[in-house]
Amino acid sequence: MTEPVNYDVSILGGQAEQRLLSSFFVLYKTCRIIDLSNATFRRQLTTFMDHLAAVPNYGDITIKAVHDRYFVNERLVRFDDHGQSGASGVVAEWRRLGVGGVTLDIRVSPDEVASFLQFMATEKPSSVNIETLSAQLTAHGIPYIKLLSMKEAGAEDPTVSEEARRRFRLMARKTFVRAISVVQDIVASATNDKELNTARTKRVVHTLIDHIAQDESSLLELAAIKDYDDYTYAHSTNVCVYALTMGVRLGLDRPRLSQLGFGALFHDIGKVKLPADLIRKPDAFDENDWIQMQRHPMLGVKTILYNLKFDPHTARAARGAFEHHINRDFTGYPVLRHQRRPTNLFSQIIAIVDTFDALTSGRVYIKKQMTPDEVIRKMRYQMTVKFDPFLLKIFNDVIGVYPAGSLVLLTTDEIALVLTNNEHDFARPYVKIVGNRSGLLTDPLWVDLAGADNLERRIVRLIDPSRYGLDIKDFILTD
Ligand SMILES: [Fe+2]
Ligand SMILES: [Fe+2]
């Protein structure tokens, strides 16, 4: 089997790459509607050349698309929905031609970029043979722009990607477990008022970022497991995973993602200062319990400031701990009588994902487990008052209709575990079929419901695993 293409995602693209990619696809669109000598086009071309030169370590630059993800020099680039919709049309056109990306040589001139666009976007070549296409480019006087085949871009063989997915899931699982153990250590140190080791926490956050950058759902699936023995540790890890996934979608750069993830891991640290039997209380809270519980944001701030070395990460974390239950309309806690400033972006993200995880777990505050779609509906109902509507919409998209880690029934009477959401068609995610009419499969089947061979398989509905005596842990944590 071919070695899976291992794109280096240890680094996320920053603003320079985002700008380059956006201006590339804008140029592509413009050249279809106006003449290449037009002043608007020339201006956009100059902007593109400037962005090209502004990419860090400027040299030959490769732009490619791998399974709806965009890369500049192997750095994953997230850009807004508007940019994305322009890009996906171009990439679909490339795919029909067998093209996975382009490499622009450092010597490329603006005129050559214009000729390339004229050839690819306006004249629209018909050959699906990459060698023929490349020869045509040379014939058009375009020596410094090379086309990458789908294979070279790492976007080709679905079996390669499946193999890569399996390996990657395994690594993701290890990272997730490591994150839980980091939270355990944090809690142990904080309980005993010892200084906390932030270096290890930052390292694990960075590894989580790397995983999410490469495959958003790999960790969402793990966050869907709520029945750990000690849910307190898993909760902070889940909140971190959801928050980082949102951060990646929002296009935050790596330093900000690092601070967001770090803050998310510490958001409930104040609870270590509350009686353990309150935190683990199996029944619903009475009024006195609530009064106690509402102290945890302030206790969190104190714990962070006393036990952590002060730096931008800890400052942000303290703010997140303080603000994550305040609510947009200040109806939450702590109650602020004066100086009602809007809460920080990170606190708003944490507020949303924290509520979602708490409600879907049925462990925290409200002792009834709700399904992800019930929770999203409830949160949307409350959104105008409690949450930022834009952020809630992004989170809604992250979770999707059939969240990663949920079980679904298919029209073929098969039961499948949702692995990866399909951003373009929520009804057709990537799944693992774990059972059929005859019972559970010993060899689960990995299936892309968006694939041409699987169009007869459709999702009928979500399944509540407990009603069938199933435990999703068994499906997520095996293979
Ligand atoms: Fe909290
Ligand atoms: Fe929480």
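Residues numbered from 1 in each chain as written. Chains lettered and ligands numbered in written order. Predicted model: local features only at pLDDT ≥ 70, side-chain atom pairs only at ≥ 80, totals over all residues.

K.L.:
Please explain the overall build of the chain as it appears in this structure.
P.N.:
Helix and strand counts for the chain stand at 19 helices and 10 strands. In terms of C-alpha radius of gyration, the chain reaches 24 Å, essentially the compact-globule figure of 23 Å for 479 residues. Reported as C-alpha extents along the three principal axes, the dimensions of the chain are approximately 80 × 60 × 40 Å. Evaluated residue by residue, the chain yields a buried proportion of 39% over its 479 residues. Here the analysis covers contacts within the chain between residues at least 6 apart in sequence; of these, 69% occur between residues at least 24 apart. (Helix = DSSP H or I, 4+ residues; strand = E, 2+ residues; numbered from the N terminus. Rg over C-alpha atoms; globule rule 2.2 N^0.38 Å. Buried ≥ 20, exposed ≤ 12 C-beta atoms within 10 Å, placed from the backbone. Contact = placed C-beta atoms within 7 Å.)

K.L.:
Looking at this structure, how should I read unusual backbone geometry?
P.N.:
Across residues other than glycine, the phi torsion is negative in most instances, and most of the peptide bonds are trans. With an omega of -5°, the peptide bond between Tyr333 and Pro334 qualifies as cis. Note that Pro334 resides in the loop between helix 15 (312–323) and helix 16 (345–361). The backbone of Asp193 shows a phi angle near 55°, a positive value even though the residue is not glycine. Residue position: Asp193 is located in the loop between helix 7 (158–191) and helix 8 (198–214). The exposure class assigned to Asp193 is exposed, which follows from the 12 C-beta atoms found within 10 Å.

K.L.:
For this particular structure, what's the right way to read the environment of Glu216?
P.N.:
Mapping Glu216 onto the fold places it in the loop between helix 8 and helix 9 (217–223). Each C-alpha atom of the pair Glu216 and Arg249 lies 9.2 Å from the other, and the pair is 33 residues apart in sequence. Residues within four places of Glu216 in sequence aside, it is in contact with Thr245 and Val248.

K.L.:
Looking at this structure, I do not really get the sheet that holds strand 6 (residues 407–410). What am I missing?
P.N.:
What links the strands of a sheet is backbone hydrogen bonding, and the strands pair in either a parallel or an antiparallel sense. If you walk across this open sheet you meet the five strands as 9-8-7-6-10, and the pairing is antiparallel. Each edge of the sheet is formed by a strand with only one pairing partner; in this case those strands are strand 9 (439–448) and strand 10 (459–463). When the angles between neighbouring strand axes are averaged without regard to direction, this sheet yields 30°. In terms of strand pairing, strand 8 (residues 430–436) meets strand 9 through six bridges, oriented antiparallel. (Pairing = 2+ DSSP bridges. Axes fitted to C-alpha atoms, helices over the stretch in contact; angles between N-to-C directions.)

K.L.:
Explanation requested: the domain arrangement of the chain in the structure shown.
P.N.:
As a measure of interface size, the accessible area lost when the parts come together is often cited. We note that the domain assignment places domain 1 (15–153), domain 2 (158–399) and domain 3 (407–476) within the chain. Once you take the C-alpha centre of each, domain 2 and domain 3 turn out to be 28 Å apart. With 11 residues of domain 2 in contact, the opposing surface of domain 3 contributes 10 residues. The set of elements that each furnish at least two residues to the side of domain 2 that touches domain 3 consists of helix 7 and helix 9. A total of three residues in the side of domain 2 that touches domain 3 trace back to one element, the largest contributor, which is helix 9. (Domains from an automatic or database assignment.)

K.L.:
Please clarify how helix 10 (residues 231–249) should be interpreted in this entry.
P.N.:
It helps to recall that an α-helix has 3.6 residues per turn; residues three or four apart then point in one direction. Compared with an ideal rise of 1.5 Å per residue, which puts 19 residues at 27 Å, helix 10 spans 27 Å between its outermost C-alpha atoms and is within 8% of the ideal. Burial analysis of helix 10 places 15 of its 19 residues in the buried class, which makes it a mostly covered element. (Expected span 1.5 Å × (residues − 1).)

K.L.:
Even after reading the chapter, I still don't get helix 11 (residues 254–265), so can you show me in this structure?
P.N.:
With 12 residues, helix 11 ought to run about 16 Å at 1.5 Å a step, and its terminal C-alpha atoms sit 17 Å apart, in line with that. Restricting attention to buried positions, one finds in helix 11 the residues Leu257, Ser258, Gln259, Leu260, Gly261, Phe262, Gly263, Ala264 and Leu265.

K.L.:
Got a minute to help me understand the sheet that holds strand 3 (residues 75–77) in this structure?
P.N.:
If you trace the five strands from one edge of the open sheet to the other, you get 3-2-1-4-5, paired in antiparallel fashion. Strands at the two margins of the open sheet, each flanked by one partner only, are strand 3 and strand 5 (145–149). Taken over all neighbouring pairs, the strand axes of this sheet differ in orientation by 25° on average, direction set aside. Pairing of strand 1 (residues 61–66) with strand 2 (residues 69–72), which is carried by four bridges, proceeds in the antiparallel orientation. Counted as the bridge partner of Lys64 is Phe71 from strand 2. Contacts from helix 5 (residues 130–139) reach strand 4 (99–104) and strand 5 within the one sheet, and its direction differs from that of strand 5 by about 175°.

K.L.:
What am I meant to see in the nonpolar core here?
P.N.:
General note: in soluble globular proteins, nonpolar side chains tend to be found buried as a group. Of all hydrophobic cores here, the largest spans 111 residues; its most connected members are Leu208, Leu219, Cys240, Ala243, Leu244, Val353 and Leu417. It is helix 16 that provides the largest number of residues to this core, a total of nine residues. Among residues more than four places away in sequence, those in contact with Cys240 are Ala179, Val205, Leu208, Gly261, Ala264 and Leu265. (Core = buried A, V, L, I, M, F, W, Y, C linked by C-beta atoms within 7 Å.)

K.L.:
What is the right way to read the environment of Ala139 from this model?
P.N.:
Positionally, Ala139 belongs in helix 5. Judged by local crowding, Ala139 falls into the exposed class, with 9 C-beta atoms found within 10 Å.

K.L.:
How should I be thinking about the pairing of strand 7 (residues 415–420) in this particular structure?
P.N.:
It is a general feature of regular strands that their side chains alternate between the two faces of the sheet. When you tally the buried positions in strand 7, you get six out of six residues, the bulk of the element. With three bridges joining them, strand 6 and strand 7 adopt antiparallel strand pairing. When the sheet's bridge partners are listed, Leu409 is paired in strand 7 with Ile415. Linking strand 6 back to strand 7 in an antiparallel pair, the connection comprises four residues, with Asp413 at a positive phi of about 65°.

K.L.:
Would you explain the pairing of strand 9 in this entry?
P.N.:
Across the 10 residues that make up strand 9, only a small minority, one, are buried. Between strand 8 and strand 9, which pair antiparallel one after the other, the connecting turn spans two residues.

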